[in-house]
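Residues per chain, in single letters:
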Amino acid sequence: MSDNRQWAREAIRIIEADFQRSADTHLIPLPLPGFAGIELYFKDESSHPTGSLKHRLARSLFLYALCNGWLKPGAPVIEASSGSTAISEAYFARMLGLPFIAVMPATTSKEKIAQIAFYGGQSHLVKDPTQIYAESERLAREHGGHFIDQFTYAERATDWRANNNIAESIFQQMRYEKHPEPSWLISSPGTGGTTATLGRYVRYRQHCTRVLCADAERSVFFDYYQTGDASLRLDCGSRIEGIGRPRVEASFLPKVIDAMVKVPDALSLAAMHYLAQRLGRHVGGSSGTNLIGALMAAQQMKAAGESGSIVAILCDGGERYADTYYDQDWLQAQGYELSGLIEAVAASAERGEPLPESVLRANI
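Definitions and limits used
- Residues numbered from 1 in each chain as written.
- Predicted model: local features only at pLDDT ≥ 70, side-chain atom pairs only at ≥ 80, totals over all residues.
- Heavy atoms only, no water.
- UniProt positions renumbered as here; feature names shortened; annotations may be inferred.
- Pairing = 2+ DSSP bridges.
- Helix = DSSP H or I, 4+ residues; strand = E, 2+ residues; numbered from the N terminus.
- Buried < 20%, exposed > 50% of the residue type's maximum accessible area, 1.4 Å probe, protein only.
- 1 Å grid on protein atoms, 1.4 Å probe; cavity = no way out; pocket = protein on both sides within 12 Å on 5 of 7 lines; lining within 4 Å.
- Points joined across faces, edges and corners; volume = space filled by probe spheres on them.
- Nonpolar A, V, L, I, M, F, W, Y, C, P; charged D, E, K, R; others polar.
- Phe/Tyr/Trp six-rings, centres within 6.5 Å; stacked < 30°, edge-to-face > 60°.
- Lys NZ or Arg CZ within 6 Å of the ring centre and 35° of its normal.

The name recorded for the chain in an unreviewed UniProt entry is L-cysteine desulfhydrase Cds1, from Pseudomonas tensinigenes. Looking at the Pathway (unreviewed entry) heading of the UniProt record, one finds this comment for the chain: "Amino-acid biosynthesis; L-cysteine biosynthesis; L-cysteine from L-serine: step 2/2."

Encoded structure:
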């Protein structure tokens, strides 16, 4: 057996041992007084060791790269990221003794940059968020490293039938609930890997569960879902960190999604603040996007006279956004006035009132 093969074998053992030491993430019920007979749960991915849903993805990406023979002892790993995936990958790179470089937009929160540094990684910031891919490829060539490329490999690195599969975990945890088979699963798209996993799993297990994807304002995914035009591009990045992309990513699979909504950033942030109030702790902006998706699904169920359950993803905690989404001066500087929208979200959740349709785009 070659030295590289032996090293990869030991690296896989180390990652698998770390997984065996880890507990599953929690499933948190969130009552919706405005929707009688409809139960909402949040799958809390913030309790992973690196604090977000991306911990699952990073583990899968490293195992995929190792099994493909792409990683080598001492060679750096490079990733294009808005922050959370890079934090998780820095964790696994340190575990294997590999240098790690995160290529991220210059607007990435200071807290995320600090966490990458905590795990021994470097942050390479670029002004134009659309250039993170090309810059990652350049650094990989120059340093003799590997661009791990979450946006291409997320859907294929994750085993959607088992093995660290978030969908399998949700169904196991729902077994003893009043409505054990969810009517809807709600996720926002970053790479598209999570929605691909959810959609494939429910089909593979022959569940009737539908998957709703809640997209960010500055993102092409919703329009791609509607038009099938893979050439769509934006010249700006998403303001909701971790979700929304300026181009169609290879891991986004629209045919396994049953419905989509496009959520304005201000409404996502308002829902984030409302959810934080209800849970008693801060959550990230993408969790607000998912709450809006869940309320849209609940409205659809209520109109159809259906009862059942909805499970949405709580992607990460809000500590990483203390200087942005939870800072009133920052919100004001960005032109966000959230008080009225927070009231609208509360009216929907607590009294079943419709969300402001004038600012939403939906295909349910």
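Read on for the rest.
S.K.: For the sheet that holds strand E3 (residues 77–80), give the residues involved together with the corresponding values.
M.R.: Pairing in this open sheet of four strands is parallel, and the strands run E5-E4-E3-E6 from one edge to the other. The sheet is open, and its two borders are formed by strand E5 (122–126) and strand E6 (146–147), each paired with just one other strand. As defined by bridge partners, E3 adjoins E6 across two bridges and the pair is classed as parallel. What sits directly across from Ile78, in E6, is Phe147.

S.K.: So what's going on with unusual backbone geometry? Which residues, and what values?
M.R.: Residues other than glycine seldom take positive phi values, yet Asp149 does so here, at roughly 55 degrees. Within the element layout of this structure, Asp149 appears in the loop between E6 and helix H6 (150–157). Looking at Asp149, the relative accessible area reads 11%, which means it is buried. Positive phi is not limited to glycine here, since Gln206 has a value of about 65 degrees. Summarising the element assignment, Gln206 is placed in the loop between helix H8 (193–204) and strand E8 (210–216).

S.K.: Describe the UniProt feature "modified residue: N6-(pyridoxal phosphate)lysine" (unreviewed entry) in the chain, with residues and values.
M.R.: Per the UniProt annotation, the sites labelled "modified residue: N6-(pyridoxal phosphate)lysine" (unreviewed entry) are Lys54. Tracing the backbone through its elements, the reader meets Lys54 in helix H2 (residues 54–67).

S.K.: An account of empty space enclosed by the protein is needed here, citing residue identities and associated values.
M.R.: Taken as a whole, this structure holds two cavities of 30 Å³ or more when the rule is applied. Its boundaries defined by the atoms lining it, the largest cavity holds a volume of some 290 Å³. If you go around the largest cavity, you meet 26 residues; those closest to its centre are Leu53, Lys54, Leu57, Thr191 and Thr194. When contributions to the lining of the largest cavity are tallied by element, the ones reaching two or more residues are H2 and H8. It is H2 that provides the largest number of residues to the lining of the largest cavity, a total of four residues. The computed volume of the second largest cavity comes to approximately 70 Å³. Contributing to the lining of the second largest cavity are Lys54, Ser81, Ser82, Gly83, Ser84, Thr85, Gln150, Phe151, Gly190, Thr191, Gly242 and Arg245. At the level of secondary structure, the elements contributing two or more residues to the lining of the second largest cavity comprise helix H3 (84–96) and H6. Here the lining of the second largest cavity is built from residues that sort into one nonpolar, nine polar and two charged.

S.K.: Can you lay out the packing of aromatic side chains for me, pointing to particular residues and giving the numbers?
M.R.: Counting across every chain of the model gives 15 aromatic pairs. Ring centres 5.7 Å apart and planes at 80 degrees place the aromatic pair Tyr64 and Trp70 in the edge-to-face group. Looking at Tyr64, the relative accessible area reads 25%, which means it is partly exposed. Where Tyr91 meets Phe92, the ring centres are 5.1 Å apart and the plane angle is 90 degrees; that geometry is what we call edge-to-face. Residue Phe92 is classed as buried on the basis of its relative accessible area of 0%. Members of the aromatic cluster, each reached through a chain of ring pairs, are Phe62, Tyr91, Phe92, Phe118 and Tyr119. The ring centre of Tyr133 lies 3.4 Å from the NZ or CZ of Arg247, which sits over that ring. Its end group placed over the ring of Phe35, Lys302 keeps NZ or CZ at 5.4 Å from the ring centre.

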